[in-house]
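Residues per chain, in single letters:
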Amino acid sequence: MGCRIVLLGMPGAGKGTQAEQLAQALGVPHVASGDLFREHLDKGTELGRQARAYMERGDLVPDEVTIGMVAERIARPDCANGFILDGFPRTVAQAEALERLLKGNGTALDVVAFIRVREEVALARLAGRWTCRNCGAVYHTLFNPPRQAGVCDACGGELYQRPDETEEAHRRRLQVYQQQTAPLVDYYRRAGLLVEIDGEQSIEDVQADLRAVVESACGSLTAESAERL
Ligand code: ADP
Ligand code: AMP
């Protein structure tokens, strides 16, 4: 099923958690700009070197770096039939660049799912977040604990807390979200693409709402992808 989806929401809203499950169900890649940056950091690339200080502070990496990196990723063949963007776009300039890029190859976004949570909920979620160093799966000490502490259920990898998981960086990231990313809610509403989802429900209930939104935007899930649900 071809479907081009953007997940919008503040840090901690649950975008990564939801995107991972949805990507498996739809059979399209989960493209998370934060994960792409972290891969560059791990590999010690020039791009990673440029991004590091911004990420550690909780600031946005400049648009020209970010847009090029994501453009390269969604131009790969595995995205030809669709993708789930998580964490991108985060500025109006990024949203405009994405639109141009898709237009250039005769496609467009199908839907923007805005996962809405209050700031205090996002902060509580960020405070307990643990990430798998190997496969990137995300857990929470209270809300979504792994079966064995410190070990990824999915791949057995080691769980760690990201270097930007400090209270100071969390507050900064939420401030940056309000200033630079929140305007995208209106931007996509005006474009007729925005659908709002209550992100304060359980992970399963958010996923069910998200799937209903995707079905209505992209057509029903194929038998094959429905089996994977
Ligand atoms: P984002 O990608 O939007 O920053 P994540 O998917 O990383 O958010 O989720 C942030 C934290 O909140 C993680 O620790 C995750 O396990 C937890 N979480 C995600 N969705 C929910 C939910 N619906 N209820 C409770 N905790 C959640
Ligand atoms: P995330 O994993 O989405 O929480 O992103 C982690 C960090 O990567 C952010 O705090 C930013 O520093 C950087 N980043 C991720 N996506 C973007 C983006 N679209 N634009 C600018 N910076 C980004």
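Let me begin by describing the structure that accompanies this report. (Residues numbered from 1 in each chain as written. Chains lettered and ligands numbered in written order. Predicted model: local features only at pLDDT ≥ 70, side-chain atom pairs only at ≥ 80, totals over all residues. Heavy atoms only, no water.)

**Things to note about the site of ligand 1**
Thought 1: Neighbouring ligand 1 are 18 residues; Gly 12, Lys 15, Thr 17, Arg 129 and Tyr 139 lie closest to it.
Thought 2: A distance of 2.8 Å separates an oxygen atom of ligand 1 from a polar backbone atom of Gly 12.
Thought 3: Taking Arg 129, its side chain carries an N or O atom lying 2.6 Å from an oxygen atom of ligand 1.
Thought 4: In terms of residue class, the shell around ligand 1 is made up of 7 nonpolar, 8 polar and 3 charged. (Near = heavy atom within 4 Å. Polar contact = N/O pair within 3.5 Å; in protein donor to acceptor, adjacent residues only side chain to side chain. Nonpolar A, V, L, I, M, F, W, Y, C, P; charged D, E, K, R; others polar.)

**Considerations on the packing of aromatic side chains**
Thought 1: One pass over the structure, following the stated rule, counts 1 aromatic pair.
Thought 2: The interplanar angle of 85° and the centroid separation of 5.1 Å between the aromatic rings of Tyr 187 and Tyr 188 together place this pair among those described as edge-to-face. Tyr 188 carries the same exposure label as Tyr 187, and that label is buried.
Thought 3: Over the aromatic face of Tyr 160 sits the side chain of Arg 133, whose NZ or CZ is 4.3 Å from the ring centroid. (Phe/Tyr/Trp six-rings, centres within 6.5 Å; stacked < 30°, edge-to-face > 60°. Buried < 20%, exposed > 50% of the residue type's maximum accessible area, 1.4 Å probe, protein only. Lys NZ or Arg CZ within 6 Å of the ring centre and 35° of its normal.)

**Regarding the nonpolar core**
Thought 1: By size, the foremost hydrophobic cluster in this structure holds 39 residues, and its most contacted members are Ile 74, Leu 85, Leu 98, Leu 109 and Tyr 188.
Thought 2: Membership of the second largest hydrophobic core comes to 17 residues, among which are Ala 19, Ala 23, Leu 26 and Val 28. (Core = buried A, V, L, I, M, F, W, Y, C linked by side-chain atoms within 4.5 Å.)

**Observations concerning unusual backbone geometry**
Glycine aside, the phi torsion of most residues is negative, and most peptide linkages are trans.
Thought 1: Omega for the peptide link from Phe 88 to Pro 89 comes to 0°, which places this bond in the cis form.
Thought 2: On the secondary structure map, Pro 89 appears in the loop between strand E3 (82-86) and helix H5 (92-104). (Helix = DSSP H or I, 4+ residues; strand = E, 2+ residues; numbered from the N terminus.)

**Comments concerning the packing of H5 against helix H8 (residues 183-190)**
Thought 1: The contact between H5 and H8 brings their axes to 10 Å, and the two run at 35°. Residues Val 92, Ala 95, Glu 96, Leu 98 and Glu 99 of H5 lie in contact with H8, whose contacting residues are Pro 183, Leu 184, Tyr 187 and Tyr 188.
Thought 2: Of the residues contributing to the contact of H5 with H8, the split by class is 7 nonpolar, no polar and 2 charged. (Axes fitted to C-alpha atoms, helices over the stretch in contact; angles between N-to-C directions. Contact = heavy atoms within 4.5 Å.)

**What about the side chain of His 170?**
Thought 1: By the secondary structure assignment, His 170 is in helix H7 (residues 167-181).
Thought 2: Not counting chain neighbours up to four residues away, the residues in contact with His 170 comprise Leu 123, Leu 126, Ala 127, Asp 164 and Glu 165.

**Some points on the pattern of salt bridges**
Thought 1: Per the counting criterion, the structure on display carries 18 salt bridges.
Thought 2: Between Asp 153 and Arg 147 there is a salt bridge; the shortest N-O distance is 4.0 Å.
Thought 3: By relative accessible area, Arg 147 is classed as exposed at 72%.
Thought 4: Each of Arg 116, Asp 186, Arg 189 and Glu 196 takes part in one network of salt bridges that share partners. (Salt bridge = Lys/Arg side-chain N within 4 Å of Asp/Glu carboxyl O.)

**Notes on the sheet that holds strand E7 (residues 159-160)**
Thought 1: Pairing within the open sheet is antiparallel, and its 3 strands lie in the order E6-E5-E7. The open sheet terminates on both sides in strands that have one partner only, identified here as strand E6 (138-140) and E7.
Thought 2: Relative to E6, strand E5 (residues 129-132) runs antiparallel, the two sharing 3 bridges. Of the residues in E6, the one forming a bridge with Trp 130 is Tyr 139. (Pairing = 2+ DSSP bridges.)

**Examining the sheet that holds strand E2 (residues 30-32)**
Thought 1: With respect to topology, 5 strands assemble into an open sheet ordered E2-E3-E1-E4-E8, the strand pairing being parallel. One side of each edge strand has no neighbouring strand; the edge strands of this open sheet are E2 and strand E8 (194-198). On average, adjacent strands in this sheet sit at an angle of 25° to one another, irrespective of strand direction.
Thought 2: The sheet contact formed by E2 and E3 spans 3 bridges and is parallel. Within E3, the position partnered with His 30 by the bridge is Ile 84.

**Some points on the site of ligand 2**
Thought 1: In the vicinity of ligand 2 there are 16 residues, among which Ser 33, Arg 38, Asp 59, Gln 94 and Arg 173 approach most closely.
Thought 2: Within the backbone of Gly 87, a nitrogen or oxygen atom sits 2.9 Å from a nitrogen atom of ligand 2.
Thought 3: Arg 173 places a polar side-chain atom, nitrogen or oxygen, 2.3 Å from an oxygen atom of ligand 2.
Thought 4: In isolation ligand 2 offers 480 Å² of accessible surface; the protein chains occlude 95% of this area.
Thought 5: Among the elements that take part in the shell around ligand 2, helix H2 (residues 33-43) stands out by supplying 4 residues, more than any other.
Thought 6: The class makeup of the residues in the shell around ligand 2 is 5 nonpolar, 5 polar and 6 charged. (Areas by Shrake-Rupley, 256 points an atom, 1.4 Å probe, with all protein chains shown as cover.)

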